[in-house]
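Chain by chain, the residues run as shown.
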Amino acid sequence: MPYQGSSQSIGFRNRTVIDPSKRMRQEAAQIKERGQERIRGMERQASQEIQEMKRVSDLEASNQRYELQALSKFSSTINKFLQEDVVEMVKEDRKEQVARGIEMYASDPQAVRQEQEQVSNAVEQQRALHDKIEAEAQKAPTTEAADRVRSLSKYEQMGWDFAAMREAANGWDSYRESELETNETVLIDSTGTEFVLKDYDRSNLEQYDLAVSHLQTEYIDSHNPKGFSAAVRNTTLTAPILERSARARTQQVQVVNRDRAVAAIDAQENLLAAAINGDPGAPDLGKQAITFLESTHKHFETLGAREGGRKGARTRLATIVKTVIENNNQSEATAERVIEQLKGAKLKGHPGGAKNLFELYQDEFNPDKMRGEAIQADITRSNREIQARKAPAEAEAMEILRELPNLSEGARVARVAEFKNKYPDFPEIGRKLDSGLDNQPLSEERSKEKLADLLEKSGGLPVPLSEVRNLNPEVLQQAIKDGDVEEVPFGADAESTIKSSAKLVTEAIGGAGKLTVTGELSGAATILANERALTRMMSDARKISRLAEQNNEPISDAVAIRTAAENLVKEIEGVNDKSSDLFDDKSEFYTGTGEPFPNITKGLSSTYLRQAVAAHKARRIRENGKSLLDNLVVTTPSDLELTSKGVPTPLIDKLAQGEGVTSIEMLNAQRKLAGMKPVEINPQAEVLAETLDKYPHLKKQLAQDKSPATVSRVFREAGIPHVRDLIKAIGLQESGNRYDAYNDDAHGPEFPALGKYQIMWYNLNSAANKAFGGPGTSWAKELGMPEKKNMNSFLRDERYQERITNAKFNQYIQMAAQQSDDLETIIRMAAAAWYGGAGAMEHWDNPNYGGGEGYPSMQEYTTSVWSRY
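First things first, this report covers the structure right here in the doc. In this text, all values refer to a predicted model and were calculated from it rather than measured experimentally.

Attention now goes to the overall build of the protein. A tally of regular secondary structure across the protein gives 35 helices and 7 strands. Residue burial in the protein is summarised as follows: out of 869 residues, 39% are buried. Nonlocal contacts in the protein, meaning residues at least 24 apart in sequence, comprise 57% of its contacts between residues at least 6 apart. Of the roughly 50400 Å² that the protein leaves accessible, carbon and sulfur atoms contribute 50%.

With respect to the helices, strands and loops of the structure, Ala 560 is situated in helix H20 (residues 557–575). Ala 560 sits in the buried class, given a relative accessible area of 0%. Spatially, the C-alpha atoms of Ala 560 and Ile 544 are 5.9 Å apart, while their sequence positions differ by 16 residues. Ignoring any residue separated from it by four or fewer positions in sequence, one finds Ala 560 in contact with Phe 490, Ala 541, Ile 544, Ser 545 and Ile 555.

The next subject is the nonpolar core. Counting 42 residues, the largest nonpolar core has Leu 726, Ile 730, Ile 759, Ile 804, Phe 809, Tyr 812 and Trp 834 as its most contacted members. No other element matches helix H34 (residues 823–836), which puts 9 residues into this core. Among all residues touching Tyr 812, those that are not within four sequence positions of it are Trp 779, Ala 830, Ala 833, Trp 834, Ala 838 and Met 841. The next biggest cluster of nonpolar side chains, apart from the first, holds 30 residues, and it includes Phe 490, Ala 502, Val 575 and Ile 600.

Moving on, we get to the packing of aromatic side chains. For the structure shown, the criterion picks out 13 aromatic pairs. With a centroid separation of 5.9 Å and 50° between ring planes, the pair formed by Tyr 200 and Tyr 208 is classed as tilted. Ring centres of Phe 809 and Tyr 812 lie 6.1 Å apart, and the angle between their planes is 85°; this geometry places the pair in the edge-to-face category. Remark: Tyr 812 and Phe 809 occur in helix H33 (residues 798–817); sequence separation between them is 3 residues, near one turn of the helix. Exposure remark for Tyr 812: the relative accessible area of 5% places this residue in the buried category.

What follows concerns the packing of helix H28 (residues 723–735) against H34. Packed helices, taken two at a time, are described by the angle between their axes plus the distance between the axes. Two numbers describe how H28 lies on H34: the axes approach to 11 Å, and their chain directions differ by 45°. Taken together, the axis directions place H28 and H34 in an arrangement best described as oblique. For the pair H28 and H34, the crossing hand works out as right-handed. Taking contact as the criterion, the partners of Leu 726, Ile 730 and Glu 734 in H28 are, on H34, Ile 827, Ala 830, Ala 831 and Trp 834.

Over its 20 residues, H33 runs 28 Å from end to end, which matches the ideal 28 Å to within 8%, given 1.5 Å per residue. Tyr 800, Gln 801, Glu 802, Ile 804, Thr 805, Lys 808, Phe 809, Tyr 812, Ile 813 and Ala 816 are the residues of H33 that are buried. Here the buried face of H33 lies against H28, strand E7 (759–760), helix H29 (761–764), helix H31 (779–782), helix H32 (791–796) and H34.

Scoring rules and cut-offs
- Residues numbered from 1 in each chain as written.
- Predicted model: local features only at pLDDT ≥ 70, side-chain atom pairs only at ≥ 80, totals over all residues.
- Heavy atoms only, no water.
- Helix = DSSP H or I, 4+ residues; strand = E, 2+ residues; numbered from the N terminus.
- Buried < 20%, exposed > 50% of the residue type's maximum accessible area, 1.4 Å probe, protein only.
- Contact = heavy atoms within 4.5 Å.
- Areas by Shrake-Rupley, 256 points an atom, 1.4 Å probe, with all protein chains shown as cover.
- Core = buried A, V, L, I, M, F, W, Y, C linked by side-chain atoms within 4.5 Å.
- Phe/Tyr/Trp six-rings, centres within 6.5 Å; stacked < 30°, edge-to-face > 60°.
- Axes fitted to C-alpha atoms, helices over the stretch in contact; angles between N-to-C directions.
- Parallel < 35°, antiparallel > 145°, perpendicular 65-115°, else oblique.
- Left-handed = near helix turned anticlockwise from the far one by under 90°.
- Expected span 1.5 Å × (residues − 1).

Listed below in structure tokens is the structure:
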């Protein structure tokens with residue numbers, strides 16, 4: 001239902017009509033009233049602002065009056081503190097006052113106490129003034145005013161400044177230790193000796209005190225940034241620094257005393273060790289033992305010996321006696337001598353009476369125990385020496401086992417024989433290597449080389465498996481597959497048939513060549529034809545056997561060989577019979593009317609043919625059990641002379657290899673049989689020949705294999721200096737085998753050491769030699785070689801470096817060999833000449849000669865070269 005007051009509840013006809021003019025008059029009255037109210041509000045606001053301004057002004061005036069009153073109140077105290085205390089404090093001379101303060105603290109305790117009391121009073125004045133200022137500040141009407149009042153107090157800032165100085169005092173220890181190692185200030189001690197602070201004599205306490213005193217003055221002066229007076233500085237900084245320095249000095253004194261004690265004990269120990277060893281000029285052991293005990297017990301106390309100085313001295317004496325005896329090469333004999341001498345040494349003034357160490361201290365000095373320890377030392381040393389000698393033998397044996405796969409058959413046997421001759425005391429290692437000869441397979445490359453050699457010798461016929469069991473497994477498997485190796489040799493059960501068949505073929509060759517009278521072949525062509533015929537016989541026999549198997553009509557090897565021989569004989573006879581269907585003037589077995597078998601010798605050199613004849617003769621001589629040294633094999637005069645290089649011909653080399661002798665020995669044996677005088681050889685080669693006569697296995701080894709490695713081993717085992725091995729050792733020692741090595745440490749860039757062997761430039765170039773102060777010559781001129789004009793050309797010419805080094809070492813070795821027969825001495829003397837010049841050769845084992853700072857002594861250098869040789 002509608003609200004009763006609304007227009008819907010009143011009849012329209014009863015509604016009152018509003019008068020517009022009346023309404024406008026009412027609104028105008030309201031506007032006027034609001035304007036008057038706004039004016040009254042502005043008046044009230046202005047009045048309030050005026051009152052606030054007056055209040056603020058009164059407050060500021062009050063603050064100013066308060067502050068002026070506070071400042072006035074304390075002005076006399078502040079002025080007195082600033083003028084009478086502070087101003088007076090900054091008038092001092094800084095470093096002089098620092099030094100004076102240090103001296104005062106060290107010598108005038110009364111002045112120190114007065115100064116500390118003065119500082120305490122000044123601090124107390126500051127504190128009291130601070131309390132008064134703080135009381136006034138708390139009365140201030142505003143925070144700003146209070147802060148201004150508090151700013152008049154310096155007490156709190158002084159606290160921070162004092163804390164900074166105390167912190168500086170805490171840093172003094174680290175500063176002192178650092179400066180003692182690095183400071184380069186020059187000081188003068190009481191003797192007038194100048195010394196650099198960081199290099200002060202660690203055993204000289206005066207220099208230590210001077211150094212520390214200087215550092216104290218510098219440190220204290222530089223750590224007073226606020227400029228406090230001497231009294232404040234001394235109390236806050238100087239005093240703790242001096243205390244810390246005093247503690248450090250106490251430690252330094254202990255170090256010096258300990259060092260002196262150690263030095264004194266060391267000196268006594270050296271004398272004692274010399275006495276125990278019985279060195280020439282050494283004191284009597286019994287007397288020195290007593291002197292040691294009396295002279296060192298106080299030093300052991302200084303070192304803090306737990307059981308006391310005398311006990312420590314005895315313990316050390318017993319230890320030195322035991323150590324020296326054990327290190328002596330004859331420990332047992334040394335122990336007996338020591339025991340006898342100590343028995344005669346009586347300790348006087350002992351509560352137990354004048355007795356020796358064995359009687360007074362049986363638990364520490366026991367003769368039976370000393371003897372037992374000495375015997376054990378001898379046994380241990382002997383075992384160690386055996387092991388030391390065995391260690392390189394075992395290492396070399398392992399190296400040989402690694403080498404075997406890459407060595408030829410002859411080299412393998414020779415390498416093991418060399419080892420056994422070198423280490424006769426270790427036969428068990430030699431037996432291990434013997435078993436390794438057959439068990440060690442060859443490398444793939446050596447396997448292929450060996451197989452090729454065997455196939456060439458057999459004329460292409462398969463090689464028996466028994467001859468190639470140590471081939472690389474893969475190479476052997478492929479060879480068997482290709483038919484180059486057979487497990488059961490063809491004709492193994494037909495030895496007699498092979499001999500009889502070979503005889504038939506040889507007779508046919510001899511008949512065709514018309515050069516056989518007694519059944520012996522002669523002439524290179526006939527000999528080569530016979531070798532080819534015999535190879536052909538076995539090759540044809542294999543084909544016959546194989547064909548029979550293919551036709552399912554297998555035959556024995558003997559039948560196949562006899563058949564092949566008969567067929568071959570018919571062919572040899574037929575190719576030389578013009579009436580035969582087999583006649584063939586192109587066949588290798590054709591003889592013609594002139595030279596026999598011209599098709600075989602065609603294109604072959606006369607040298608090759610001579611070698612074939614000689615090899616044939618040699619085989620026949622050996623088959624009869626005779627030596628080539630007693631039978632003439634070489635008849636051509638040119639083969640009995642040395643080549644242009646001064647060495648025997650390849651034919652002589654081959655015969656020597658088969659006989660197992662040197663080429664020179666074979667050559668002179670053949671020359672003697674031919675009625676010729678022996679060739680002259682240089683002295684070094686003659687020494688080699690004479691030496692090798694003493695070692696037949698070495699002679700055979702060198703004859704069979706002339707590789708550099710074999711030559712080196714033979715020289716080494718025979719005790720002959722080998723230049724190539726020596727310069728290899730020098731190259732490794734000097735530069736690590738670098739041909740471009742450059743070192744100017746010794747004499748600067750004008751005279752450096754150059755190349756793989758580090759030769760001095762003034763030894764290579766005459767101009768440089770003269771500039772260095774020499775006569776203006778060079779090694780090159782002395783050796784008849786061209787000089788290198790600049791360093792780079794020398795560094796780039798590796799061959800030149802090798803030539804000049806080789807020539808120079810030949811000289812040095814000859815010089816050394818005139819002075820000694822011992823291989824090690826010769827090698828080390830030559831190395832000494834290289835290191836220090838020919839004049840240094842006599843110092844080859846001198847530990848105090850040559851080298852210089854950063855370089856080895858002569859003994860160290862030559863020992864190192866020998867170890868690499």
